[in-house]
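# Reading the structure
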Amino acid sequence: MVVDPKHAAVNGRKRAQRPHKSHREVADELRARIRSGKLRPGQRMPTQAKLADEFGVERGVVRQALHILQSEHLLTNVSKGSPATVAPDPGLIRPQTGPAAPPLPTTVALAPRIAAAFAAPHVEIDALCLTSVSLTLAIGEPLRQIHAGRMKPAKVDVRVLLPSRDIDLAFPVAVDGRGDGDLVHERWLAMRNAQGQVLRHNLLALRATHGIDVHVSFRALPFTPPVKLYLLNGEEALFAYYTLGRHEAEIDHEYLQTYDAEGTQSMLFAFEQGAGLRDTAFVEQSHLWFNALWETISSELTLTT
């Protein structure tokens, strides 16, 4: 009998095929071992090759799982070169990612999930937001890891939907109305353009510095989005409401009362493909919704004033 080498153990016996596991499932199993004490604080993890063999997955899946645990402060020294190490006191750290995690502020939840997405060979990120401030900040972490040589995706595709400069925004807006000049709108537009330019520049720079195939596209929406949405590698949807409040803004040395939302503090709810019928349906419908907006009523966006 001929045995497929993929299913043969070192002793020549046939290895039973395992069902495909996602990086989240691998992370969940390793997290349980750490919390139970099976993997002790300060102990070195098995190599990525051994973990890939144990779980029957590719090394890229293991790397994504390890980066999740590193973002939760359960592991240290996660890299391609040597095995990771269990953090000194992981029991005191509350997990911040995973299907069962509670919603967290965007500034807390987004960066580790973006970093985990960048462990894949082909990174695909779609975002619908008001200014892309949170996205630009979150992508800083995987960019640092790429420049440090700890990860290197082959391809990165990023699409961003932002409100058009030509519409009357529902927010941010001055409490007393728009008036002549509309300083609040001008400040929003300057922030939208600046953040988009930084995001595009930092990502496209990966072509020259690391030979990564990068594509970054922006489209303009004819409405103010009341929610923000991030879609990661076709596997995860992160959703948050823009909750409006009354704020005071200093613009051109003038203090104005505005209705605005603090997007960086919006609570992100995570939905994962394969984590149940509800989560899977939400991820799939979110992709359909984003693509429909991208392909129909959105228009060309230029990041200039």
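Residues numbered from 1 in each chain as written. Predicted model: local features only at pLDDT ≥ 70, side-chain atom pairs only at ≥ 80, totals over all residues. Heavy atoms only, no water.

We now examine the overall build of the protein. Within the protein, the secondary structure is distributed over seven helices and 13 strands. For the protein, with 305 residues in total, the buried portion stands at 47%. Within the protein, residue pairs in contact and separated by at least 24 positions form 73% of the contacts whose partners lie at least 6 positions apart. When the accessible surface of the protein is summed, it comes to about 15400 Å², and 52% of that surface belongs to carbon and sulfur atoms. (Helix = DSSP H or I, 4+ residues; strand = E, 2+ residues; numbered from the N terminus. Buried < 20%, exposed > 50% of the residue type's maximum accessible area, 1.4 Å probe, protein only. Contact = heavy atoms within 4.5 Å. Areas by Shrake-Rupley, 256 points an atom, 1.4 Å probe, with all protein chains shown as cover.)

A few words now on the pairing of strand β12 (residues 267-272). Bridge analysis of strand β3 (residues 104-105) against β12 gives two bridges, and the strand direction is antiparallel. Paired with Pro 105 across the two strands is Met 267, which belongs to β12. (Pairing = 2+ DSSP bridges.)

Now for the environment of Phe 218. Looking at where Phe 218 falls in the secondary structure, it is placed in strand β7 (residues 213-221). With 83 residues separating them in the primary sequence, Phe 218 and Leu 301 have C-alpha atoms 5.9 Å apart. Residues in contact with Phe 218, not counting those within four places in the same chain, are Val 160, Leu 162, Gly 196, Leu 199, Arg 200, Trp 294, Leu 301 and Leu 303.

A few words now on the nonpolar core. Residues Ile 114, Phe 118, Leu 135 and Leu 203 are the most contacted members of the largest nonpolar core, which totals 44 residues. Counting residues per element, the ones that place at least two in this core are α4 (106-117), β4 (122-128), α5 (133-147), β5 (155-163), α6 (183-210), β7, β8 (227-232) and β9 (236-241). If sequence neighbours within four positions are ignored, Leu 135 has contacts with Leu 110, Ile 114, Ile 125, Ala 127, Val 160, Leu 199 and Tyr 230. Within the second largest apolar cluster, 22 residues are counted, among which are Ile 34, Ala 52, Val 61 and Val 86. (Core = buried A, V, L, I, M, F, W, Y, C linked by side-chain atoms within 4.5 Å.)

Glancing now at the sheet that holds strand β11 (residues 254-261). Across a sheet, paired strands are connected by hydrogen bonds in the backbone, their directions being either parallel or antiparallel. One open sheet holds the three strands; their spatial order is β6-β11-β10, and the pairing between them is antiparallel. Every interior strand has two partners, whereas the edge strands, β6 (173-174) and β10 (244-251), have only one. Where β6 meets β11, two bridges bridge the pair, whose relative direction is antiparallel. Bridging across to β11, Val 173 finds its partner in Tyr 259. Those strands touched by α6 are β6, β10 and β11, and its axis lies near 65° from that of β11. (Axes fitted to C-alpha atoms, helices over the stretch in contact; angles between N-to-C directions.)

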